[in-house]
Amino acid sequence: MISPLEQAKTADFKTSLNRVKQYVGEVVYIYAFDVAYDMTRTQIPELLGQPVAQFAVDASKRSPRHLFFYKPQMVRLPPQERIGPHGPVRVERAVKILPVGAISITVRVPFAVQKIEDLVDYHDLEFSNGVLQGEVRRLAEEVRQALQPHLVRPVDQLAQEEAYTVFCIQSPLATMDAVPLNAEDWLRTQRREVAALLTQEPDIDHLSAQEADESTGRYLSYYEHDLVVVDWDAALIIDKPENFDETLYVMELANLQLAELEAYDRMLDIALERSYRDLGQRRSRARSEVLRELRDIRIDLARFNDELSNITKFFGDWHLARIYENVSARFHLGDWHRSIGGKLKTLDDLYQLLKSDQNNRLMLVLEFTIVLLFIIDLVILFMGMKH
């Protein structure tokens, strides 16, 4: 029988065998902003002095010949030199423009660290001359101003962005003796460290096993050397660098969907509050305005739902579709859809109620007119008989 001490020594030995020499990769910060109700469908030639091109991604995993990906307009901005947590870094920025009235900004910061725990410093990244989040918000405002001619009903000011952080580590991972590691085996020995990274928890030793299992519970692997771990606020990708973009794009679209669902949820809250207030008025004109507004909102939401669904159609790429399903579950996109659907149903009920009330009023006026004409006809007939 193996003693607890011997079991601990065996576990430590296995961990030492799986110790990675160095983690190299990049942290990708994804920010989604709602900038307008809609956008024109014209091609934008340039943005902030840079040419705009069509974004494209090549799926590397098993997929059919006619793979479909939504391809938004995109611009890559000149790289910047910054001083990060571990010295000078070259920061790359890109902006994607989507016709649902939203923009997505990605910022890439390279890293080379000895331990997974060292990456915790990259959450809420601060440079020597400022905070990344502040820089991105200023950039988003510049983009919004530059896109004004193409925006339909632009927002007065930018709402809180929807942010997501993705840690991308180059594979294959190798031990101190240059022995390649299986990605899933590595995760089993580094589960607590990965959970601490994704949850931005500096005190790894006190992180419970339950929380570690919960944070790393949604992971996917296609080859032995790749791995994707998805959590609410951050994700970890282990793959070859040329394969990062396809997975990042899926996460970027899900993050943008979340931002747009939040924006439409706010719009529905305002519409419902205004409708309840206006319905309390007794003026018929107010009810007509409410009816027209409810009709417009129903049309807007139908269009919004179609376009938002179209940007995440994955035909045949099963691995990316599974990643999207897991990110969607982490973001609770289904709950957001149901919440918006419930509010839309309430608006629809109000619309039907007002429409029915309007029809009843028209029928009452019509019946009154018929009765009045009948009375007039009787009066004319009576007056004729009297003469």
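Residues numbered from 1 in each chain as written. Predicted model: local features only at pLDDT ≥ 70, side-chain atom pairs only at ≥ 80, totals over all residues. Heavy atoms only, no water.

The next subject is the environment of A112. When you line up the elements, A112 lands in strand 8 (residues 102–113). Judged by relative accessible area, A112 falls into the partly exposed class, the value being 46%. C-alpha of A112 to C-alpha of V24: the two residues are 88 residues apart in sequence and 4.4 Å apart in space. For A112, the residues in contact, after removing those within four places along its chain, are Q22, Y23 and V24. (Helix = DSSP H or I, 4+ residues; strand = E, 2+ residues; numbered from the N terminus. Buried < 20%, exposed > 50% of the residue type's maximum accessible area, 1.4 Å probe, protein only. Contact = heavy atoms within 4.5 Å.)

As a further point, take the environment of K115. Looking at the element boundaries, K115 is found in the loop between strand 8 and strand 9 (126–127). For the pair K115 and V20, spaced 95 residues apart in sequence, the C-alpha separation works out to 8.0 Å.

Here we come to the pairing of strand 7 (residues 87–98). Burial within strand 7 is extensive, with nine of its 12 residues counted as buried. Relative to strand 7, strand 6 (residues 73–84) runs antiparallel, the two being bridged by 10 bridges. When the bridges of strand 7 are listed, R76 appears paired with A94. Hairpin remark: strand 6 followed by strand 7, antiparallel, with two residues in the connecting loop. Where strand 7 meets strand 8, seven bridges bridge the pair, whose relative direction is antiparallel. (Pairing = 2+ DSSP bridges.)

In space, the nine strands of this open sheet follow the order 5-6-7-8-1-12-15-14-13, with mixed pairing throughout. The open sheet has two free edges, formed respectively by strand 5 (53–54) and strand 13 (219–220), since each of these has just one partner strand. Each of strand 12 (162–170), strand 13, strand 14 (227–230) and strand 15 (234–239) is contacted by helix 4 (residues 191–199), which is oriented at about 130° to strand 15, the strand it contacts most. (Axes fitted to C-alpha atoms, helices over the stretch in contact; angles between N-to-C directions.)

Position of E193 relative to the elements: it lies in helix 4. The buried charged residue E193 lacks any salt bridge, with R192 as its nearest oppositely charged partner at 6.2 Å. Setting aside residues up to four positions removed in sequence, E193 forms contacts with I116, E117 and I204. (Lys, Arg positive; Asp, Glu negative; His and termini not counted. Salt bridge = Lys/Arg side-chain N within 4 Å of Asp/Glu carboxyl O.)

Throughout the structure, instances matching the rule amount to six aromatic pairs. Measuring from ring centre to ring centre gives 4.6 Å for F55 and Y249, while their planes differ by 50°; the resulting arrangement is tilted. In this pair, F55 sits in the loop between strand 5 and strand 6 while Y249 sits in helix 6 (residues 244–279), placing the two residues 194 residues apart along the sequence. You can call F55 buried: its relative accessible area is 8%. (Phe/Tyr/Trp six-rings, centres within 6.5 Å; stacked < 30°, edge-to-face > 60°.)

Attention now goes to the pattern of salt bridges. Under the defined criterion, the tally for this structure stands at 12 salt bridges. When the shortest N-O distance is used, the salt bridge between E81 and R90 registers 3.1 Å. As a salt-bridge pair, D185 and R188 come within 2.4 Å of each other at their nearest N and O atoms. Of the two residues, D185 and R188 both sit in helix 3 (residues 183–189), three residues apart, roughly one turn of that helix. Looking at R188, the relative accessible area reads 51%, which means it is exposed. A network of salt bridges, in which partner residues are shared, links E26, R108 and D245.

Taken together, V371, F374, I375, L378, V379, L381, F382 and M383 make up a surface patch of nonpolar side chains, about 770 Å² in accessible area. Summarising the element assignment, V371 is placed in helix 9 (residues 333–386). Among the residues examined, V371 registers a relative accessible area of 46% and is labelled partly exposed. (Patch = residues over 30% accessible without salt bridge, like charges linked within 9 Å, V, L, I, M, F, W, Y side chains within 5 Å. Areas by Shrake-Rupley, 256 points an atom, 1.4 Å probe, with all protein chains shown as cover.)

As a general rule, the predicted coordinates of low-pLDDT regions are not to be interpreted in detail. Of the residues in the protein, 80% reach a pLDDT of 70 or more, and the chain-wide mean stands at 81. Ranking the helices and strands of the protein by mean pLDDT puts strand 14 first, with 96, and helix 1 (residues 4–17) last, with 43. This model gives residues 1–17 a pLDDT under 50, and the stretch forms four contacts once residues within four places in sequence are excluded. Segment residues 64–68 is flagged for pLDDT under 50; beyond a separation of four residues in sequence, or across chains, it makes 10 contacts in the model. (pLDDT = per-residue confidence, 0-100.)

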